[in-house]
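Geometric and topological summary
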Amino acid sequence: MTLPTLDGHHELAPDAVASLRERGHCVVRGLASADECAAYLPEIQAGVDRWHPEPPPFDERDTYGKAFLQAMALRSIHEPTMGFVDSPRFARAAAELMGVDGVRLYHDQALFKEPRGGRTPWHQDQNYWPLDTDDIVTMWMPLVDLDPAVGSMTFIDGSHLDGDVGAGEISDASDEAIQRSIDTGGRATTTHGVLRAGDATFHKGWTIHSAGPNPTDRMRPVMTIIWFADGARATEPNSPEQRFDLHTWLGGAAPGTLAQSDTNPLVWPT
Ligand SMILES: O=C(O)CCC(=O)C(=O)O
């Protein structure tokens, strides 16, 4: 089957741009069609299967492991997914939402929450990223209509403006620390609720977020793509996780140099 080309311009609602800037997250409905998602789902599933041929039983996993099957860089391990990950339509939306001229790929990852999968702990993504810019955004797109019992992510409004809140890597500890700050009168939380296949949320690197468990018998297949503003530079890694990312997702760029390795193509403008 020929995979659809995900180009063309998706006109963004002005409130989406304002929401990303002010609240650190937004929803964009209908960025892909249900047919486009259905065409790519088997290819993305093939990439997930390659990463996780035999997922261990839940009782052998930690909280993070129970939250989803994580399959990264599908673009480079299963070539048919490239049309999805390198989509100029998605990348242009990311650039317009952030108000930047161009974006480069950081990496893609599928996050498939299995039937009975656990909740995704509160965390901040940018802890992991050795880049000198806050113009980094993740697109989170379900490839099927979400079951209302599963829903989409929950964000802490405006938390991107606080930068690193010191909750550390995604874990029970990050979850507890952030939950405490919400319970003691922190910022408001928002979810964009049930999304249809091809709707997407976007969130900034420092935006605190979590997702509910999957109490259903159906997989929650979600594809994510992370982009950063063209012109960003690599920074000195400040943790083992950042060292891993510098090597894996930024081609081992020397701190202080432009992040533009072969794994970081300029995907908008093309
Ligand atoms: O899909 C999820 O449950 C969480 C996703 C997430 O944390 C992310 O995309 O940054």
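Anything mentioned here points back to the structure above.
Residues numbered from 1 in each chain as written. Predicted model: local features only at pLDDT ≥ 70, side-chain atom pairs only at ≥ 80, totals over all residues. Heavy atoms only, no water.

Things to note about the site of the ligand
In the region of the ligand, 14 residues are neighbours, and Thr-120, His-123, Trp-140, His-209 and Arg-220 sit closest. Interatomic distance of 2.9 Å between a side-chain N/O atom of His-209 and an oxygen atom of the ligand. Summarising the interface, the protein chains cover 97% of the accessible area of the ligand, which totals 300 Å² for the free molecule. At the level of secondary structure, the elements contributing two or more residues to the shell around the ligand comprise strand S3 (103-113), strand S4 (120-123), strand S5 (136-142), strand S9 (209-211) and strand S10 (220-229). Per-class residue counts for the shell around the ligand are 5 nonpolar, 6 polar and 3 charged. (Near = heavy atom within 4 Å. Polar contact = N/O pair within 3.5 Å; in protein donor to acceptor, adjacent residues only side chain to side chain. Areas by Shrake-Rupley, 256 points an atom, 1.4 Å probe, with all protein chains shown as cover. Helix = DSSP H or I, 4+ residues; strand = E, 2+ residues; numbered from the N terminus. Nonpolar A, V, L, I, M, F, W, Y, C, P; charged D, E, K, R; others polar.)

Some remarks on the packing of aromatic side chains
Summed over the entire model, instances satisfying the criterion amount to 7 aromatic pairs. Seen from their ring centres, Tyr-106 and Phe-228 are 6.3 Å apart, and the 80 degrees between their planes marks the pair as edge-to-face. Placement of Tyr-106 in strand S3 and of Phe-228 in strand S10 is noted, with a sequence separation of 122 residues between them. Here Phe-244 and Trp-249 contribute two aromatic rings whose centre-to-centre distance is 6.5 Å and whose plane-to-plane angle is 85 degrees, an arrangement assigned as edge-to-face. The class of Trp-249 is buried, set by a relative accessible area of 8%. A network of ring pairs unites the aromatic residues Tyr-40, Phe-84 and Phe-90 as a single cluster. (Phe/Tyr/Trp six-rings, centres within 6.5 Å; stacked < 30°, edge-to-face > 60°. Buried < 20%, exposed > 50% of the residue type's maximum accessible area, 1.4 Å probe, protein only.)

Observations regarding the environment of Thr-263
By the secondary structure assignment, Thr-263 is in the loop between helix H8 (240-249) and strand S11 (266-268). Expressed as a C-alpha distance, the spacing of Thr-263 and Trp-249, which sit 14 residues apart in the sequence, is 6.5 Å. The contacts of Thr-263, once residues within four sequence positions are left out, are Leu-105, Tyr-106, Thr-248, Trp-249, Leu-250 and Gly-251. Here the side chain of Thr-263 touches Ser-261 through a polar contact of 2.8 Å, side chain to side chain. (Contact = heavy atoms within 4.5 Å.)

Regarding helix H1 (residues 14-23)
Because each turn of an α-helix spans 3.6 residues, side chains separated by three or four positions in sequence point in the same direction. For H1, every residue scored as buried is listed here: Ala-16, Ser-19 and Leu-20. The arc that holds the buried residues of H1, viewed along the axis, is 95 degrees, so those residues lie on one side. Of the residues in H1, the exposed ones pointing more than 90 degrees away from the buried face are Pro-14, Asp-15 and Arg-21. Looking at the buried residues of H1, the elements they touch are strand S1 (25-28), helix H6 (88-98), S5 and strand S8 (200-204). In the segment just after H1, Gly-24 is the residue with positive phi, at about 85 degrees. (Arc of directions from axis to C-beta.)

Some details on the side chain of Thr-133
Structurally, Thr-133 is set in the loop between S4 and S5. A residue is classified by how much of its surface remains accessible, and Thr-133, at 13% relative accessible area, is buried. Reaching out from Thr-133, the side chain makes a polar contact with the backbone nitrogen of Asp-135 at a distance of 2.9 Å. Among residues more than four places away in sequence, those in contact with Thr-133 are Gln-126 and Ala-232.

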